[in-house]
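Letter by letter, the chains look like this.
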Amino acid sequence: MKLFSTGEDKHLALKVAENLGVKISPMEIFVFPDGEKRIKLNESVVGQDTFLLKSTGIPTDSNLMELFFTIDALKRSGAKSITAVVPYLAYSRQDHVFREGEDVSLSVIIKTLETLGMSRIIALDFHSIKIPEFFSIPVIHLSALSLFAEKIKQMKEGNVVLVSPDMGGVRRIKQLSVLLENVPFVTIVKDRDLKTGRIEVSNLSGDVRGKTAIIVDDIISTGLTISKASTLLLEEGAEKVYMFATHPVFAEKAGEVLQKSEAERVFVTDTINVPNNKQFAKLEILSVAKLIAEEIKENS
Ligand code: R5P
């Protein structure tokens, strides 16, 4: 088998490679003055099972192009199979038409990946449980929830309540609750203005008074959803709040928003690299490298 990865994703790829006891195969990306890119593999892949680790955080479209071009290079160079390891798959939130006249961005991404010849995808915590059904190739859908459960157990907080910051995340907290011997959970009602993107959090589905509230989400983009959620939880009587999310997209001033939020700590994973200038004191990054390496081992 051969493992490829580039740029920002090397941080995770190196840990995955270490777990697997392999080296990352060399490749080059040449960026033209206008921003266009050209990929070159610097090792033969003829007849090989190949794994390409490429996440699609900011700059999203540029990372997607790198993913597409590298799959094309692997295909043209005679790889036997191409497994795209995409820890964070962008555009997962636009997985259906919300308002008449909209596109379905995720469908475009999936069609492109499949047309290029990707044999299989390994991804983590898709935005919705339905997304694997949109692919016609095999999907290995991993989750960071087991890492979150481990961390929550280590924190030894008594009187915990899990919180989904929106109705869409209920399945996620139910799963985490099972991993934590059925700790109680509540959901927040979140409304997003589909035109402006503005969000409002309002009601809670249960009692959080005197409890340690643990918010769990798939993505942190601007940080507004979970920081507004933590304010609501404290107003409703929670004693303290922690935040957990798989994908640290960290758009705009997310770092500042989260540091200023009322949460004690913010736990994310390394599905997307968080550069130093986006890190902040309350942040702790858990690694998904072992989860990914184990899956690659089983499938190579
Ligand atoms: C939305 O449904 C997602 O699950 C996240 O809650 C959302 O993407 C977070 O975005 P932001 O951090 O910008 O509020």
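Read on for an overview of the structure. Remember, it's a predicted structure, so these values are computed and weren't measured experimentally.

## Quick word on the side chain of D218
Consideration 1: Along the chain, the position of D218 falls in strand β11 (residues 212-220).
Consideration 2: Contact partners of D218, with chain neighbours within four places excluded, come to D125, H127, R172, A245, T246 and H247.

## Side note on the packing of helix α2 (residues 60-76) against helix α3 (residues 105-116)
Consideration 1: Between α2 and α3, the least distance of the axes is 9 Å, while the angle of their chain directions is 20°. It follows from the interaxial angle that α2 and α3 lie roughly parallel. Here α2 and α3 pass one another in a crossing that is right-handed. Facing L64, L67, F68, I71, D72 and K75 of α2, the residues of α3 in contact are I109, T112, L113 and L116.
Consideration 2: Residue composition of the contact of α2 with α3, grouped by class: 7 nonpolar, 1 polar and 2 charged.

## Let's talk about the environment of R99
Consideration 1: One can find R99 in the loop between β5 (81-86) and α3.
Consideration 2: The class for R99 is partly exposed, based on a relative accessible area of 36%.
Consideration 3: In this structure, the C-alpha to C-alpha distance between R99 and V274, residues 175 residues apart in sequence, is 33 Å.
Consideration 4: Apart from the residues lying within four places of it in its own chain, the contact partners of R99 are L194 and K195.

## Structural notes on the site of the ligand
Consideration 1: In the vicinity of the ligand lie 14 residues, with R93, D217, D218, T222 and T225 positioned nearest.
Consideration 2: In this structure, G223 approaches the ligand through a main-chain N or O atom, which is 2.8 Å from an oxygen atom.
Consideration 3: In isolation the ligand exposes 380 Å². Once the protein is present, 91% of that is buried.
Consideration 4: Of the residues forming the shell around the ligand, the biggest block, 4 residues, is contributed by β11.
Consideration 5: Classifying every residue of the shell around the ligand by side-chain character gives 3 nonpolar, 5 polar and 6 charged.

## Comments concerning the pattern of salt bridges
Consideration 1: The tally for this structure, following the rule as stated, stands at 16 salt bridges.
Consideration 2: For the salt bridge of K240 with E157, the shortest nitrogen-to-oxygen distance reads 3.1 Å. Residue K240 is found in strand β12 (residues 240-248), and its partner E157 is found in the loop between α4 (145-155) and β8 (160-164); the two are separated by 83 residues along the sequence.
Consideration 3: The exposure class of E157 is partly exposed, given its relative accessible area of 21%.
Consideration 4: A single network of salt bridges, built from pairs that share partners, joins D9, K37, K54 and E66.

Calculation criteria
Residues numbered from 1 in each chain as written. Predicted model: local features only at pLDDT ≥ 70, side-chain atom pairs only at ≥ 80, totals over all residues. Heavy atoms only, no water. Helix = DSSP H or I, 4+ residues; strand = E, 2+ residues; numbered from the N terminus. Contact = heavy atoms within 4.5 Å. Axes fitted to C-alpha atoms, helices over the stretch in contact; angles between N-to-C directions. Parallel < 35°, antiparallel > 145°, perpendicular 65-115°, else oblique. Left-handed = near helix turned anticlockwise from the far one by under 90°. Nonpolar A, V, L, I, M, F, W, Y, C, P; charged D, E, K, R; others polar. Buried < 20%, exposed > 50% of the residue type's maximum accessible area, 1.4 Å probe, protein only. Near = heavy atom within 4 Å. Polar contact = N/O pair within 3.5 Å; in protein donor to acceptor, adjacent residues only side chain to side chain. Areas by Shrake-Rupley, 256 points an atom, 1.4 Å probe, with all protein chains shown as cover. Salt bridge = Lys/Arg side-chain N within 4 Å of Asp/Glu carboxyl O.

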